[in-house]
Amino acid sequence: SCDSVPAGAPCGQLAWNSQIWTERAFHWERGALVADWTFESDWKPEPGTFVPWEPVFHAVVVGNLIYVPGASGSVHKLDRRTGRKLATVRLPGVGTDPNTFVAGGLAADKRGNVYYNALALDATAPRQANPRGAWLVKVRPDNSVAMSSFSTIAVGAPAPTDLCVAQFSF
């Protein structure tokens, strides 16, 4: 609730970028959960659209590793036991662009590849302009990255300007 936030302070969707998103490990000890480690990510969600929507910050476990969403479309590779960061895997050609986001949860296959969506928004009008790019990203266990643009894998999809009033209306 925004009731507890001081007047004029960012709240709700307007405060998402000020939050610190974390991954935390616990173990059971005498019937109680005890924290083992906490990892603070630099991930921030893409700007809200002022519709009923919540950002998704979901890591994925791959054997003895945990992959956590990071800033600029990156993922952090952590040791599952200690929480120590082993690598930050960045998208080729993106660098540290603050307008590129991990958009949605991470998933993995049985070979240890991690998959997720990345979205690059226009810096001046992130909610109004068409995205600069949108990709399905694959991170291999050796930290190499493959990206496929949704414009090439979603052939025949409706254009951003197409109206879908009946299908997606609230």
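In what follows, the accompanying structure is described. (Residues numbered from 1 in each chain as written. Predicted model: local features only at pLDDT ≥ 70, side-chain atom pairs only at ≥ 80, totals over all residues. Heavy atoms only, no water.)

### Concerning the pattern of salt bridges
Link 1 in the chain: This structure, assessed with the given rule, holds two salt bridges.
Link 2 in the chain: R30 serves as the salt-bridge partner of E29, at 3.5 Å between the closest nitrogen and oxygen.
Link 3 in the chain: Residues R132 and D97 are paired through a salt bridge, measuring 2.6 Å at the closest nitrogen-oxygen approach. Of this pair, R132 sits in the loop between β9 (114-120) and β10 (133-139) while D97 sits in the loop between β6 (85-89) and β7 (100-102), placing them 35 residues apart in sequence. (Salt bridge = Lys/Arg side-chain N within 4 Å of Asp/Glu carboxyl O. Helix = DSSP H or I, 4+ residues; strand = E, 2+ residues; numbered from the N terminus.)

### Structural notes on the nonpolar core
Link 1 in the chain: Grouped together as the largest cluster of nonpolar side chains are 25 residues, with contacts concentrated most on Y67, V75, L106, V114, Y116, V137 and V139.
Link 2 in the chain: Put simply, the parts of the chain that give this core at least two residues each are β2 (32-40), β3 (60-62), β4 (65-69), β5 (75-79), β9 and β10.
Link 3 in the chain: Among the elements that take part in this core, β9 stands out by supplying four residues, more than any other.
Link 4 in the chain: Residues contacting L106, with those up to four places away along its chain left out, are H58, A59, V60, Y67, V68, P69, V75, V114, Y115 and Y116. (Core = buried A, V, L, I, M, F, W, Y, C linked by side-chain atoms within 4.5 Å. Buried < 20%, exposed > 50% of the residue type's maximum accessible area, 1.4 Å probe, protein only. Contact = heavy atoms within 4.5 Å.)

### With respect to the sheet that holds β3
Link 1 in the chain: Spatially, β3-β4-β5-β6 is the arrangement adopted by the four strands of the open sheet, whose pairing is antiparallel. Across the chains shown, the open sheet's two edge strands, defined by having one partner strand only, are β3 and β6. Across the sheet, the mean angle separating the axes of adjacent strands is 25° when strand polarity is ignored.
Link 2 in the chain: Alignment of β5 against β6, held across four bridges, turns out to be antiparallel. Across the sheet, the residue bridging to L78 is K85, located in β6. (Pairing = 2+ DSSP bridges. Axes fitted to C-alpha atoms, helices over the stretch in contact; angles between N-to-C directions.)

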